[in-house]
Amino acid sequence: MDVDLRKIRYFVAVAEQLHFGRAAEELHIAQPVLSRQIKALESELKVQLFRRDRRSTELTSAGEQLLADARPLLASAAAMRRRAVRAARVADTFTVGFMPGLIVTDAVRTLAGRHPGLDIEVVRTSWEDQADAVRDGRVDVSYVRMPIDPAGLETVPLLTEQRVVVLPGDHRLAGKESVGIADLVDEHLLQNPDAVPEWRDMVAARGGRERRSQPLIHTTEEKLEHVAARRGVVVLPLSAAMFYTRPDIGYVPVDDIPPSHVCLAWASGRHHGLVEEFTGIAVDSAGRVRASGEVATQP
């Protein structure tokens, strides 16, 4: 059976809203049309996807499974469309993603110098979408901070850099030359503890409990606002901490945790000339940074 992506999109809208009326509004179609499409999908699949009564709409077990499979399917289809469009104009456009604090200027200038007619765009990514931006075709290549989900990606190592703890300016540890992870075990960590497993494991070993930030803090800017307000601390790569320098916070090296690893990532199977050429340029540029001992920050 061929999968009708339009019906799948309609299904996902209903599954997320659990309300046919709201889903129809979101899709800009009439509710009876949406209901007919869902019934047609159920008929094609020979399963019931929703349980409906006058008060509620619920997913069946088959519906829950289809929702889990449908989201990556739709994302893959969207990425395929983006890559097809990008391939049609690859001769004049190339997009580079980067995480805050990472310098891409040298590599971008080198590529531009070799291809004067090439339109090179740069896109800032975040911890949450740095890998997805590559997979879904928003960027051709991206500078990513490890670890990331490697599914559908190829990577090449570029740099490692020290990690630091960012503290309020008047914190008891501020101004020290360095600290150990044991010095931070009683602090409130304003990020996912899995990002600093050494801290997480030490808290667990001491019988303590992780304090989760509520609501969940996503962006570095938000985390640093909380640091400045003395609500906790955050561990960042050195270049990211330098990028966000401000007078009411400071950073101290953490000397007993592994460094942050930076890689260049691109979609698996994408080996067209510009990706391969830029990869070589990025590796050479990173080597010069390592040789100089510099840590540059993105302007």
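Residues numbered from 1 in each chain as written. Predicted model: local features only at pLDDT ≥ 70, side-chain atom pairs only at ≥ 80, totals over all residues. Heavy atoms only, no water.

Engineer: Tell me what's going on with the overall build of the chain, and back it up with residues and numbers.
Structural biologist: In terms of helices and strands, the chain carries 10 helices and 10 strands. Residues classed as buried in the chain amount to 43% of the 299 residues present. Sequence separation of at least 24 residues holds for 71% of the intrachain contacts in the chain that already meet a minimum separation of 6. Just so you have it, the chain exposes about 16,000 Å², and 51% of that area is on carbon and sulfur atoms. (Helix = DSSP H or I, 4+ residues; strand = E, 2+ residues; numbered from the N terminus. Buried < 20%, exposed > 50% of the residue type's maximum accessible area, 1.4 Å probe, protein only. Contact = heavy atoms within 4.5 Å. Areas by Shrake-Rupley, 256 points an atom, 1.4 Å probe, with all protein chains shown as cover.)

Engineer: Explain a positive patch on the surface to me, and be specific about the residues and the numbers.
Structural biologist: A cluster of basic residues, R6, R9, R81 and R82, forms a positive patch on the protein surface. Among the secondary structure elements, those contributing two or more residues to the positive patch are α1 (5–17) and α4 (61–88). Following the sequence through the fold, R9 ends up in helix α1. R9 sits in the partly exposed class, given a relative accessible area of 38%. (Patch = residues over 30% accessible without salt bridge, like charges linked within 9 Å, V, L, I, M, F, W, Y side chains within 5 Å. Salt bridge = Lys/Arg side-chain N within 4 Å of Asp/Glu carboxyl O. Lys, Arg positive; Asp, Glu negative; His and termini not counted. Charge placed at Lys NZ, Arg CZ, Asp CG, Glu CD.)

Engineer: Tell me about the side chain of Q130, and name the residues and values.
Structural biologist: As for its position among the elements, Q130 is in the loop between β4 (119–124) and α6 (132–135). Engagement of the side chain of Q130 in a polar contact is seen with the backbone nitrogen of R145, the distance being 2.9 Å. Beyond its immediate stretch of four places on either side in the chain, Q130 contacts M99, T125, S142, Y143, V144, R145 and I148. (Polar contact = N/O pair within 3.5 Å; in protein donor to acceptor, adjacent residues only side chain to side chain.)

Engineer: Please give an account of α1 that cites residues and values.
Structural biologist: The end-to-end C-alpha separation of α1 is 18 Å, in line with the 18 Å expected for 13 residues at 1.5 Å each. Of the residues making up α1, those classed as buried are K7, I8, Y10, F11, V12, A13, V14 and A15. Capping the start of α1 is the job of one residue whose side-chain oxygen sits 3.0 Å from the backbone nitrogen of R6: D4. (Expected span 1.5 Å × (residues − 1).)

Engineer: Can you explain the pairing of strand β5 (residues 141–145)? Please cite residues and give values.
Structural biologist: Counting buried residues along β5, 5 of its 5 residues qualify, which places the element largely inside the surrounding structure. Taking every second residue as pointing to the same face, both faces of β5 are buried, with V141, Y143 and R145 on one and S142 and V144 on the other. Alignment of strand β3 (residues 93–98) against β5, held across 2 bridges, turns out to be parallel. By the bridge assignment, G97 is partnered in β5 with S142. Note that β5 and strand β10 (residues 260–267) share 4 bridges and pair antiparallel. Bridge pairing in β10 links S142 to A265. (Pairing = 2+ DSSP bridges.)

Engineer: Run through unusual backbone geometry, naming residues and quoting values.
Structural biologist: In this chain, M146 is followed by P147 through a cis amide linkage whose omega measures 5°. Relative to the helices and strands, P147 is located in the loop between β5 and β6 (153–161). Residue L18 is not a glycine yet carries a positive backbone phi of 50°. Looking at the secondary structure, you find L18 in the loop between α1 and α2 (20–27). The exposure class of L18 is partly exposed, given its relative accessible area of 36%. The phi angle at K46 is positive, at roughly 65°, despite the residue not being glycine. Inspection of the secondary structure assignment puts K46 in the loop between α3 (31–45) and β1 (50–52).

Engineer: Which residues make up the sheet that holds β4, and what are the values?
Structural biologist: Read across the sheet, 5 strands follow the order β4-β3-β5-β10-β6 without closing on themselves; strand pairing throughout is mixed. Where the open sheet ends on each side, the last strands, each with one partner, are β4 and β6. On average, each strand axis in the sheet is tilted by 20° relative to the strand beside it, whichever way the strands run. (Axes fitted to C-alpha atoms, helices over the stretch in contact; angles between N-to-C directions.)

Engineer: Break down the packing of aromatic side chains for me, citing the residues and quoting the values.
Structural biologist: Applying the stated criterion to the full structure yields 5 aromatic pairs. Ring plane angle 85° and centroid distance 6.3 Å describe the contact between Y143 and F278, whose orientation is recorded as edge-to-face. Pair noted here: Y143 is in strand β5 and F278 is in helix α10 (residues 273–292), with a separation of 135 residues, a long-range link. Given a relative accessible area of 6%, Y143 falls into the buried group. Exposure remark for F278: the relative accessible area of 0% places this residue in the buried category. Between F243 and Y244, the ring centres sit 4.6 Å apart and the planes meet at 75°, which makes this aromatic pair edge-to-face. Residue F243 is classed as partly exposed on the basis of its relative accessible area, which comes to 31%. Exposure remark for Y244: the relative accessible area of 11% places this residue in the buried category. (Phe/Tyr/Trp six-rings, centres within 6.5 Å; stacked < 30°, edge-to-face > 60°.)

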